[in-house]
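Breakdown of the fold
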Protein chains: 2
Amino acid sequence: MQSFELDKTDLSKLRKAIEGDDQELSSILAEYHASEIAILFDNIKAEDRQRIINLLEVEKASEVIAEMSEEAHPEELLIQLHPEKRTEIVEELDYDDATDIISQLEAHEQHEILEDLSKDDAESIRNLLSYHEETAGGLMNTQMIKVNINLTKKDAIDQIIQQSEEIEEFYTVFVVDDDNIFKGIVSLKDIIKAKGNVKIMDMVKPDAVYVNADTDQEEVAKLLSQYNLTSIPVVDGYLKLLGRVTFDDVIDVLEDENTEDILKISGVSEDEELAGNWVDAVKSRLPWLIINLGTAFLASAVVRYYEDTLAHLAILSAYMTIIAGMGGNAATQALAVTVRRISLYDLTDKQAYRAVLKEFTVGMINGAVTGAIVLAFAYFFDANLMLGFVIFLAMTGNLIIAGFTGAGIPLLLKRVGIDPAIASSIIITTFTDVFGFLLLLGLASKLLL
Amino acid sequence: MQSFELDKTDLSKLRKAIEGDDQELSSILAEYHASEIAILFDNIKAEDRQRIINLLEVEKASEVIAEMSEEAHPEELLIQLHPEKRTEIVEELDYDDATDIISQLEAHEQHEILEDLSKDDAESIRNLLSYHEETAGGLMNTQMIKVNINLTKKDAIDQIIQQSEEIEEFYTVFVVDDDNIFKGIVSLKDIIKAKGNVKIMDMVKPDAVYVNADTDQEEVAKLLSQYNLTSIPVVDGYLKLLGRVTFDDVIDVLEDENTEDILKISGVSEDEELAGNWVDAVKSRLPWLIINLGTAFLASAVVRYYEDTLAHLAILSAYMTIIAGMGGNAATQALAVTVRRISLYDLTDKQAYRAVLKEFTVGMINGAVTGAIVLAFAYFFDANLMLGFVIFLAMTGNLIIAGFTGAGIPLLLKRVGIDPAIASSIIITTFTDVFGFLLLLGLASKLLL
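Computed from a predicted structure; not experimentally measured.

1. Let's talk about the overall build of chain A
- Looking only at helices and strands, one finds 21 helices and six strands in chain A.
- Relative to a compact globule of 449 residues, whose C-alpha radius of gyration would be 22 Å, chain A shows 30 Å and is clearly more extended.
- Here the C-alpha coordinates of chain A stretch approximately 90 × 60 × 45 Å along the principal axes.
- Considering only contacts in chain A between residues 6 or more positions apart, those separated by 24 or more positions represent 66%.
- Counting every atom, chain A has about 19000 Å² of accessible surface; 53% of that belongs to carbon and sulfur.
- Taking the average location of the 36 positive side-chain charges in chain A and that of its 76 negative ones, the two points are 7 Å from each other.

2. Quick notes on the packing of aromatic side chains
- Summed over all chains, the structure comprises 15 aromatic pairs over all chains.
- Geometrically, the ring pair formed by Phe297(A) and Phe377(B) is tilted, given 4.4 Å between the ring centres and 45° between the ring planes. Of the two residues, Phe297(A) is situated in helix H16 (residues 278–305) and Phe377(B) in helix H19 (residues 349–381); the pairing between them involves two chains.
- Phe297(A) sits in the buried class, given a relative accessible area of 18%.
- On the basis of an interplanar angle of 70° and a centroid distance of 5.2 Å, the ring pair of Tyr379(B) and Phe380(B) is categorised as edge-to-face.
- Taken together, Phe174(A), Phe182(A) and Tyr210(A) form an aromatic cluster joined through their ring pairs.

3. Here's the deal with the pattern of salt bridges
- This model, assessed by the stated rule, comprises 28 salt bridges over all chains.
- Linking Arg285(B) and Glu359(A) is a salt bridge whose minimum nitrogen-to-oxygen distance equals 2.7 Å. In this pair, Arg285(B) sits in helix H16 (residues 278–305) while Glu359(A) sits in helix H19 (residues 349–381), so the two residues belong to two different chains.
- The class of Arg285(B) is buried, set by a relative accessible area of 1%.
- Glu359(A) sits in the buried class, given a relative accessible area of 3%.
- Where salt bridges share partners, they join Glu260(A), Lys264(A), Glu270(A) and Asp419(A) into one cluster.

4. Comments concerning the packing of helix H18 (residues 315–344) of chain A against helix H21 (residues 425–447) of chain B
- Contact geometry of H18(A) with H21(B) gives a least axis separation of 11 Å together with a crossing angle of 155°. Between H18(A) and H21(B), the interaxial angle falls into the category roughly antiparallel. As for how H18(A) packs across H21(B), the hand of that crossing is right-handed. Along its contact with H18(A), which presents Thr321(A), Asn329(A), Thr332(A) and Gln333(A), the element H21(B) presents Ser425(B), Ile426(B), Thr429(B) and Phe437(B).
- Of the residues in the contact of H18(A) with H21(B), the class split is two nonpolar, six polar and no charged.

5. What to know about the relation of the copies chain B and chain A
- Aligned on chain A, chain B shows an RMSD of 0.1 Å; the corresponding rotation is 180° and the shift along the axis is 0.0 Å. Read as a symmetry element, the transformation amounts to a two-fold axis. Minimal C-alpha separation from the rotation axis in chain B is found for Ala311(B), amounting to 2.7 Å.
- Of all interface residues in chain B, 100% are interface residues in chain A too; the two copies therefore contact each other through one and the same surface.

6. Details of the UniProt feature "domain: CBS" (unreviewed entry) in chain A
- The sites that carry the UniProt feature "domain: CBS" (unreviewed entry) are, in the present numbering, residues 140–201 and 203–260 of chain A.
- Helix makes up 41% of residues 203–260 of chain A and strand 22%, whereas the separation of the span's terminal C-alpha atoms amounts to 42 Å.

7. Brief notes about helix H14 (residues 217–226) of chain A
Residues and elements named next belong to chain A.
- Here H14 has its buried residues at Gln217, Val220, Ala221, Leu223, Leu224 and Gln226.
- The N-terminus of H14 is capped by Asp216, whose side-chain oxygen sits 2.9 Å from the backbone nitrogen of Glu218.
- Just past H14, the residue Asn228 takes up positive phi, approximately 50°.

8. With respect to a negative patch on the surface
All names here are of chain A.
- Taken together, the side chains of Glu70, Asp100, Glu133, Glu134, Asp216, Glu218, Asp252, Asp256 and Asp271 present a region of like negative charge at the surface.
- Mapped onto the elements of the fold, Asp256 is located in helix H15 (residues 247–265).
- Classification of Asp256 as partly exposed rests on a relative accessible area of 38%.

9. A look at the sheet that holds strand S1 (residues 146–148) of chain A
All names here are of chain A.
- Across the sheet, three strands lie side by side as S1-S2-S3; this open sheet has mixed pairing. The sheet is open, and its two edges are formed by S1 and strand S3 (182–186), each paired on a single side. When strand polarity is set aside, the average angle formed by the axes of neighbouring strands in this sheet is 35°.
- Against the sheet, helix H12 (residues 153–163) contacts S1 and strand S2 (173–176), and its axis sits at roughly 150° relative to S1.

10. Some details on the sheet that holds strand S3 (residues 182–186) of chain B
Residue and element names in this part refer to chain B.
- Taken in spatial order, the three strands make up an open sheet running S1-S2-S3, and their pairing is mixed. Whereas interior strands pair on both sides, the edge strands pair on one side only; in this sheet they are strand S1 (146–148) and S3. Between one strand axis and the next, the sheet turns through 35° on average, direction left out of account.
- Two elements, strand S2 (residues 173–176) and S3, share four bridges in a ladder whose sense is antiparallel. By the bridge assignment for S3, Val175 is matched with Gly184.
- Against the sheet, helix H12 (residues 153–163) makes contact with S1 and S2, and its axis sits at roughly 150° relative to S1, the strand it touches most.

11. Examining the UniProt feature "transmembrane region" (unreviewed entry) in chain A
- UniProt tags residues 286–306, 318–339, 360–381, 387–413 and 425–444 of chain A as "transmembrane region" (unreviewed entry).
- Counted over residues 425–444 of chain A, helix gives 100% and strand 0%. Its end C-alpha atoms are 27 Å apart.

12. Remarks on the interface of chain B and chain A
- Taken together, the contacts link 130 residues of chain B with 130 residues of chain A.
- Interface area for chain B against chain A, summed over the two sides, is near 11100 Å², with a carbon-plus-sulfur share of 64%.
- Counting every contact that joins chain B to chain A gives six salt bridges.
- Residue Arg304(B) is joined to Asp382(A) by a salt bridge in which the shortest nitrogen-to-oxygen separation is 2.9 Å.

13. Some thoughts on the nonpolar core
- In this structure, Ile52(A) and Ile52(B) are the most contacted members of the largest nonpolar core, which totals 120 residues.
- Membership of the second largest hydrophobic core comes to 97 residues, among which are Ile323(A), Ile262(B), Leu387(B) and Ala421(B).

Reading the values: the criteria
Residues numbered from 1 in each chain as written. Chains lettered and ligands numbered in written order. Predicted model: local features only at pLDDT ≥ 70, side-chain atom pairs only at ≥ 80, totals over all residues. Heavy atoms only, no water. Helix = DSSP H or I, 4+ residues; strand = E, 2+ residues; numbered from the N terminus. Rg over C-alpha atoms; globule rule 2.2 N^0.38 Å. Contact = heavy atoms within 4.5 Å. Areas by Shrake-Rupley, 256 points an atom, 1.4 Å probe, with all protein chains shown as cover. Lys, Arg positive; Asp, Glu negative; His and termini not counted. Charge placed at Lys NZ, Arg CZ, Asp CG, Glu CD. Phe/Tyr/Trp six-rings, centres within 6.5 Å; stacked < 30°, edge-to-face > 60°. Buried < 20%, exposed > 50% of the residue type's maximum accessible area, 1.4 Å probe, protein only. Salt bridge = Lys/Arg side-chain N within 4 Å of Asp/Glu carboxyl O. Axes fitted to C-alpha atoms, helices over the stretch in contact; angles between N-to-C directions. Parallel < 35°, antiparallel > 145°, perpendicular 65-115°, else oblique. Left-handed = near helix turned anticlockwise from the far one by under 90°. Nonpolar A, V, L, I, M, F, W, Y, C, P; charged D, E, K, R; others polar. Least-squares fit on C-alpha atoms with pLDDT ≥ 70 in both. UniProt positions renumbered as here; feature names shortened; annotations may be inferred. Polar contact = N/O pair within 3.5 Å; in protein donor to acceptor, adjacent residues only side chain to side chain. Patch = residues over 30% accessible without salt bridge, like charges linked within 9 Å, V, L, I, M, F, W, Y side chains within 5 Å. Pairing = 2+ DSSP bridges. Buried area = accessible area lost by both parts, 1.4 Å probe. Core = buried A, V, L, I, M, F, W, Y, C linked by side-chain atoms within 4.5 Å.

Structure, rendered in C-alpha cells:
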C-alpha cells in the first residue's frame, strides 16, 4: 500500500533488472502495478518490452498493453508477439481496448490477429472496428452488466454476480426489455437496499442519459462530465443497447481534445505525436510554416509598397516591429480565450456577439494604453510628437483588429461548422501584421512626409 | 428518457416560462435535470436565478447550485438567499461542493453561513476550508462509505446500506482499522459475491493507491487517470482516512488545468474568466502586453542600431517582417508541443535533452526549407542573390533559435520548479525577434553594404 509514481529510483531499479536474468526480472516486475510497467515501456527498447510481456502472466501482460500510451505503439508490440501468446493477451483485453490497439494496424495484420480469436471475440471486435474512432461507437465497450426489466431483485443479483465474472469493474447496471431496448439504469446499491423481492421495473431510473453510436466523442465527454456519470449507455437508432462508454475513456478523450486544441491554435498539426521524432515534427509543422510564409509575403508586400516612406524615415522600421509584435500577441490572447470558451461551452448567438464586442473594447483600451507609452517614448527619445501620434493611432487600431479577429474568426468558423481551433495564431497574426503595417506606414506617409 | 443538451428550443421555452407565473414556471422546471437548469443560469439575470432557486425543492435547488459553473458565481446566489432557505440548501450539499462555493466568499459572509449550520456540518466545512484549494484536501469529500476491517460480510452490508442513506453515489468501499487508519479498498460487488459470512479482512485489496491531503491536484488527477479509479482515498500524515476525491472532481481539475495551460502560453493570466467582462480581461492581459512592449523595445533597439543599414537598403524592412513572423510562429509550435508534453508526462533528463535536440533539428530543417524559398524570391524578384543568401542564413538561424528556446525554456523552468507554461509565446518570441533582427541586419551590414 503506497502512493507512487514511477520515480527515478524505480526507473533505474527496473532498468538494472532488465540487465539481469529472467528470474530476477520477473521478481522485480511483480512489485509493480501494470500501469507502472506501462510507463517504464516509454523508456526502454522494443526488444525489452517484448521480453517483459513474455515474462508476465497473461492477465498482467494484457493490462500493461491496455495501459501503454498510444505514442508507445502497443500495436507494434502486439503484432510482434508469438501468435499463441498474442491470442491469449487479446482475449484477456476488454473489447474496446483491443479494438483501439488493433485499429492502428494494417488490414492484413488485423486479419492475422482476429482469425486466431474465438468466433465471438472476433465478431465483437470486428463490429467495434466498424465505428468511427471519434464517436461513442468507437469508444464504447460492449461488455457490461445488463439485466432484464422483468427480473426480481433476487434473480437480478444472481445475474449480476454471474455477469461480473467476466467484467472487472462496473458502476452501473443497465436495464433492457426482452428486445434489448434500453429502459434505464439502476445502481447495485439500490438493488441491494430494496426491501423484499421487488422487480427491477420498480427500481429502474428511466430518465437516464444515453448517446447514439455515432455521437461525437466530444459530445459524449460533455454529457458524462455534465451529469457526473461513471458510464454512459450507447444505443443504436432503434434504442437497442450496444455498449457503454466509461469515465476513464472520457478522461482520455478530454486529454486528447485538449492536446489537439493547444497544438492547432499554435499551428501544429493535431496528429503530431508529442514524443515523435524530428521527421514527423517537420512533416506536421512545415506546411503551416509555408502557409505562414505566404501570409508573411502579404505583410511584406505592404512594407514594400511603402518602401519610399521607409527610405525617408528609416526609424519607422524600429516601430513597425513593435506594432506587429504587439498586434500578434494581443490577437493570440483573444484567440486563446475564445477557442477555450467554445471548447467548454455552447455559446448562443447573443453570447458570441457579446464576446466579439468585448474583445473589440479590450483591444481598444489595451491599444490606447500601450500606444500612449510608445507615443511618450517617441516624443522623449526621437523628439517627434507627430510620429508618436501616428504610432498611437496604429497601435490602437491594430489591437482593435487583433481583438476583433481573434474572437470573431473562431466564432465564425464554429458557426459554419468548421473546427474553430484551425483559426491558429498563424492565420490571425496575418491580419494584425497586414493591418498594422498599413496603418503605421499609411498614416506615416500621409502625415509625416 | 432522452439524450439532450440544452438546445435553443429548451432555452427559449425556459426563458418564456420565466415571464409566466410561479406555478407555470415550476411545472416547466420539473421537466429539466438540475444540471440543465444550471446551464440555463449562465443565460439569465441574477434575480431570475434567485426566483428559480426559491421555487425548486431543496434537494434539486442544491444540485443546481452544485452544478453551476464557477463563472456563474454560485456563491453570490447563495449569499443573497433567505437565511433559512440557504441553510437548508447548504446542509443538502456535499461537503466538498459546499466548501468550494463558500470559499469564494468574504470571511464575514462565510461566518454568516456557517453559524446557521449544525455543529457537525459547520466543523466539517471549516475543516475543509483549511486545505489549499488546489490540493487533494481542497478537492476531497469527507462523506464516503467506510467499513471496519474486522466486520463480517453481513454486518458490512448492513453498514453500507445505512451509510448510503446519506451518500447519493459511491463506487468504492474504503476499509479502515479501529484507529481509522486506511487499510485498503473493497468493491461492493466483491462483498456481495463473497461466499459465506467471511470477514472484510479476507476481501480487502491492500495495495490501493492513496494520496495525502497536501498532494497537488494535478498529481491526484494523474494518479486517478493512470489507475482508472472512480475515487482515490485521501489520508493524513498518520495514514488516517480523511476523505475521497472522485472522478468527477478530477474531470473538472483536468479542464481547469488545460484552460490554464492554453491561456498561459498565450500570455493571458490563468485567472481570467473565459466569460468575464472587458474590465477583467484588460486587467488580465494588459500586464502581459506591457511586458511584451518591453521586449519589443529590445527588438526595436536592434533595428535602431542598424538604422544606417536600413536607410541604405530599405528593402530589408520587408524581409525583417518575414524573418520575425516565421521565427515567432516556429517558436510557438515548439512551445506548444513541449508544454503539452510536460503536462501529460514526467520527462527524464535524457528525454528532455532529446526533446531540445529534436527541436533544434526541426528548426534547422524548417528554417533551411523556408529560407530557400525566400532566397529564390529575393533572387527572382529583387535580383539580389547575396541578399537572398543573407536571408537564408538569418531564417535558418532564427528557426534554430525558435526550436531551441521553444523547447529549452519550458523544460528548464520545469527543472527548477517553475510552471513551464509561464514561458508564454510573449517571452519566447522576444528571443526570435531579437536574434532574427541581429542575424538579418548584422549579416546584411557586413555582406551587403
